[in-house]
Amino acid sequence: MIPPTFDHVRRARERIAPWIHHTPVLTSTTFDTMSGARLFFKCENLQKAGAFKSRGAVNAVFGLSDAEAARGVATHSSGNHGMALARAAACRGIEATVVMPETAPRAKIEAVRGYGGHIVFCEARNAARRETLDAVVADSGANVVPPYDDARVIAGQGSCAAELLEDVADLDIVIAPIGGGGLISGTVLSCRALSPATRVIAAEPANADDARRSLDAGRRLIEDAPDTIADGLKASLGELTWQFVSREIDDILLAEEDEIVAAMRLLWQRMKLVVEPSCAVPLAAILRHAEVFAGRRVGVILTGGNVDLDRLPW
């Protein structure tokens, strides 16, 4: 696989601009005091379809030729990428099929259907997602738009950090969650091009720490069914995203399950932001590892706000 460059990010920003929000950056005196840092929250929970995933999905869908688009698109997703792809396909007037684990949050299932996506359920294993998607594509001929391990998707996700760096000068650190690695890979592209001195740190649930263990081992490790409340971060790194993580990431910091829930609740309470558990992992990591961030200007990417309001973790 050929990795994307920052030129791909630039072109993606032009392509997706009519179809996404330039999301706001918010601050919080409370969290600055708690962390000892100056935090700038990039609110992708306010993005179209409720997550940063809209960026990569729109870039991939609108980058298809007319002949390709006529075959529709397909993917596997625990929710946010599937929602984003269903919405992007609807914007272009084509079909979208989303393979989802049986354990996916109900709110995300309903949202995929609400955007017109067709859902095929599978077992809650990463391998089962891929196997089911292969069968769907063999039957339909749809174009596969992977949730993270794809140059078009990575370039689209890179637009998020590019906006953040343009809106907030002199960031010492940008931190974002890591699951499959698409967002952190795009973040690396934008930071290295626009602000080379800015460190890029990934935040990961301790219960799904395959990226941290991969970095320590020097090789990509696969975890098939991690058990974490952060459902959007259960995927393992792909071949393409591993290239960015292994060569460019400055660090990967972990957060425990109770810390993730506490950070999520704090974001709801103090900033009045509806965020999902995966979205709260960076703040949880900042509060757990405050010594890393103390005195720094830190960009925090809040990735999504698609949460089942009938099953809040507290």
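The structure we're discussing is the one just above.
Residues numbered from 1 in each chain as written. Predicted model: local features only at pLDDT ≥ 70, side-chain atom pairs only at ≥ 80, totals over all residues. Heavy atoms only, no water.

Enquirer: Quick question: what am I supposed to make of the sheet that holds strand β10 (residues 297–302) here?
Expert: Strands pair in a sheet through their backbones, by hydrogen bonds, and they do so in one of two ways: parallel or antiparallel. The strand order across the open sheet formed by six strands is β1-β2-β10-β7-β8-β9, and the pairing between neighbours is mixed. Edge positions in the open sheet fall to β1 (25–26) and β9 (251–255), since each of these has one partner strand only. For strand β7 (residues 173–177) and strand β8 (residues 199–205), the ladder comprises five bridges, and the chain directions are parallel. Note on β8: the bridge partner recorded for V174 is V200. (Pairing = 2+ DSSP bridges. Helix = DSSP H or I, 4+ residues; strand = E, 2+ residues; numbered from the N terminus.)

Enquirer: For this particular structure, what's the right way to read the environment of V274?
Expert: Structurally, V274 is set in the loop between α12 (257–271) and α13 (277–288). Given a relative accessible area of 39%, V274 falls into the partly exposed group. For the pair V274 and G305, spaced 31 residues apart in sequence, the C-alpha separation works out to 5.4 Å. If sequence neighbours within four positions are ignored, V274 has contacts with N45, W268, G304, G305 and V307. (Buried < 20%, exposed > 50% of the residue type's maximum accessible area, 1.4 Å probe, protein only. Contact = heavy atoms within 4.5 Å.)

Enquirer: Please clarify how the pattern of salt bridges should be interpreted in this entry.
Expert: Working definition: two side chains of opposite charge can pair if their charged atoms are close together. Tallied over the full model, the rule gives 23 salt bridges. A salt bridge links E163 to K42, with the nearest nitrogen and oxygen atoms 2.6 Å apart. Here E163 is found in helix α8 (residues 151–167), whereas its partner K42 is found in strand β2 (residues 38–43), with 121 residues between them in sequence. If you follow the salt bridges from partner to partner, you end up with K42, E44, R55 and E163 in one network. (Salt bridge = Lys/Arg side-chain N within 4 Å of Asp/Glu carboxyl O.)

Enquirer: Just checking my understanding: could you explain the nonpolar core for this structure?
Expert: One recurring pattern in soluble globular proteins is that nonpolar side chains are buried together. Ranked by size, the top nonpolar core spans 34 residues in total, and within it L39, F41, I175, L267, F293 and V298 carry the most contacts. Breaking this core down by element, the ones donating at least two residues are β2, β7, β8, β9, α12, α13 and β10. Not counting the four nearest positions on each side in its chain, I175 is found in contact with I201, A203, P282, A285, I286, F293, V298, G299, V300 and I301. In this structure, C160, L165, A176 and I249 belong to the second largest nonpolar core, which totals 29 residues. (Core = buried A, V, L, I, M, F, W, Y, C linked by side-chain atoms within 4.5 Å.)

Enquirer: Can you walk me through the sheet that holds strand β4 (residues 96–101) in this structure?
Expert: Sheet architecture is open: four strands sit in the order β5-β4-β3-β6, paired in parallel fashion. Of all the strands in the sheet, just β5 (118–122) and β6 (143–144) have a single pairing partner and so form its edges. In this sheet, β5 lies alongside β4 in parallel orientation, the contact comprising five bridges. When the bridges of β5 are listed, M100 appears paired with F121. Packed on one face of the sheet, helix α5 (residues 80–92) meets β3 (73–76) and β4 and runs near 170° to β3. (Axes fitted to C-alpha atoms, helices over the stretch in contact; angles between N-to-C directions.)

Enquirer: Whenever I open this one, the packing of helix α1 (residues 6–16) against α8 confuses me. Can you help?
Expert: Geometrically, a packed helix pair is captured by the angle between its two axes and the distance between the axes. At a closest axis distance of 8 Å, the pairing of α1 and α8 adopts a crossing angle of 90°. Taken as axis vectors, α1 and α8 run roughly perpendicular relative to one another. Between α1 and α8, the contacting residues are H8, V9, A12, R13 and I16 on the first element and A155, G156, G158, S159, A162, E163 and E166 on the second. (Parallel < 35°, antiparallel > 145°, perpendicular 65-115°, else oblique.)

Enquirer: Before we go on, may I ask you to explain unusual backbone geometry in this structure?
Expert: In most cases, non-glycine residues show a negative phi, while peptide bonds are predominantly trans. If you check the backbone angles, A49 has positive phi at about 65° while not being a glycine. Here A49 lies in the loop between β2 and α3 (53–62). You can call A49 buried: its relative accessible area is 9%. Even without being a glycine, D170 presents a positive backbone phi close to 60°.

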